[in-house]
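# Topology and contacts: notes
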Number of protein chains: 2
Amino acid sequence: MFRDILQNIVDNTRGGVGAVLLGYDGISIDQYLKPVEGIDMQLVAVEYSNILKEIKRTAEILESGNMEEVAIKTDRYYVLIRVLNDEYFIAMTLERDCNFGKARYLLMRDASKLIEEMA
Amino acid sequence: MFRDILQNIVDNTRGGVGAVLLGYDGISIDQYLKPVEGIDMQLVAVEYSNILKEIKRTAEILESGNMEEVAIKTDRYYVLIRVLNDEYFIAMTLERDCNFGKARYLLMRDASKLIEEMA
């Protein structure tokens, strides 16, 4: 199940807050969020997909290759985005004090599992 | 000078290709690009600023804090963006085989120098 894979990634990363499996159309396929403050995951989904669409478009215009990963660091959170294919991606939110490398590794490792589940 | 600071960052990072100091309006203040294939830096500038505007807007909507850094990985390049203030940012392009950590460090270290130069 998608949710089990997402939960496994979040729970096994220090500082992990949540992860969502998303389409570029902004529709969330599945998600796992630790019981923290009330985050509107639907809003998060739509917004992330807008960012990715913009970056994807840019990568195409600049001929800078296919997008694989995007990391955004704010003064409150990290957001790590892993592209699965032309239609779907995962967006994971982490606290500033997190094991960022572990998150990158788990997302990379489990990307193929998620793609298989979708087939 | 802006260009000297940018050149210093690029030349001292293994795999560094170029760096540009940009406004959110897409206007490039200064840039340094290693003599490689013909990249249209004006186009790059406008496109990066569009991405950052989208991410900034998203961070505000999601109340996820002030943006500090964005890293984009494609199958050809890395792009590392460091926000300087509400108006300006640096975008650096690196080859896949690069010292990414050094790039992050130098951009963070020299951000304040660039801000001082602008004052």
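These remarks concern the structure in this document. (Residues numbered from 1 in each chain as written. Chains lettered and ligands numbered in written order. Predicted model: local features only at pLDDT ≥ 70, side-chain atom pairs only at ≥ 80, totals over all residues. Heavy atoms only, no water.)

## Comments concerning the packing of helix α1 (residues 2–11) of chain A against helix α3 (residues 100–118) of chain A
Residue and element names in this part refer to chain A. Relative orientation of the contacting elements α1 and α3 amounts to 175 degrees, with a least axis distance of 10 Å. Overall, the two elements α1 and α3 adopt an arrangement that is roughly antiparallel. When α1 is examined against α3, the residues F2, I5, L6, N8 and I9 are found in contact with a partner set consisting of L106, L107, R109, D110, K113, L114, E117 and M118. Of the residues in the contact of α1 with α3, the class split is eight nonpolar, one polar and four charged. (Axes fitted to C-alpha atoms, helices over the stretch in contact; angles between N-to-C directions. Helix = DSSP H or I, 4+ residues; strand = E, 2+ residues; numbered from the N terminus. Parallel < 35°, antiparallel > 145°, perpendicular 65-115°, else oblique. Contact = heavy atoms within 4.5 Å. Nonpolar A, V, L, I, M, F, W, Y, C, P; charged D, E, K, R; others polar.)

## Comments concerning the sheet that holds strand β3 (residues 67–74) of chain A
Taken in spatial order, the ten strands of this open sheet run β2(A)-β1(A)-β5(A)-β4(A)-β3(A)-β3(B)-β4(B)-β5(B)-β1(B)-β2(B), and their pairing is antiparallel. Both outer strands of the open sheet, β2 (28–33) of chain A together with β2 (28–33) of chain B, are each paired with one neighbouring strand and no more. Each strand of the sheet is rotated relative to its neighbour by a mean of 10 degrees, with strand direction disregarded. Of the strand pairs in this sheet, strand β1 (residues 16–23) of chain A and strand β5 (residues 88–95) of chain A are connected by seven bridges, and their pairing is antiparallel. Within β5(A), the residue paired with G16(A) across the bridge is L94(A). In the packing of helix α1 (residues 2–11) of chain B onto the sheet, the strands contacted are β1 (16–23), β2 and β5 (88–95) of chain B, and the crossing angle to β2(B) comes to about 35 degrees. (Pairing = 2+ DSSP bridges.)

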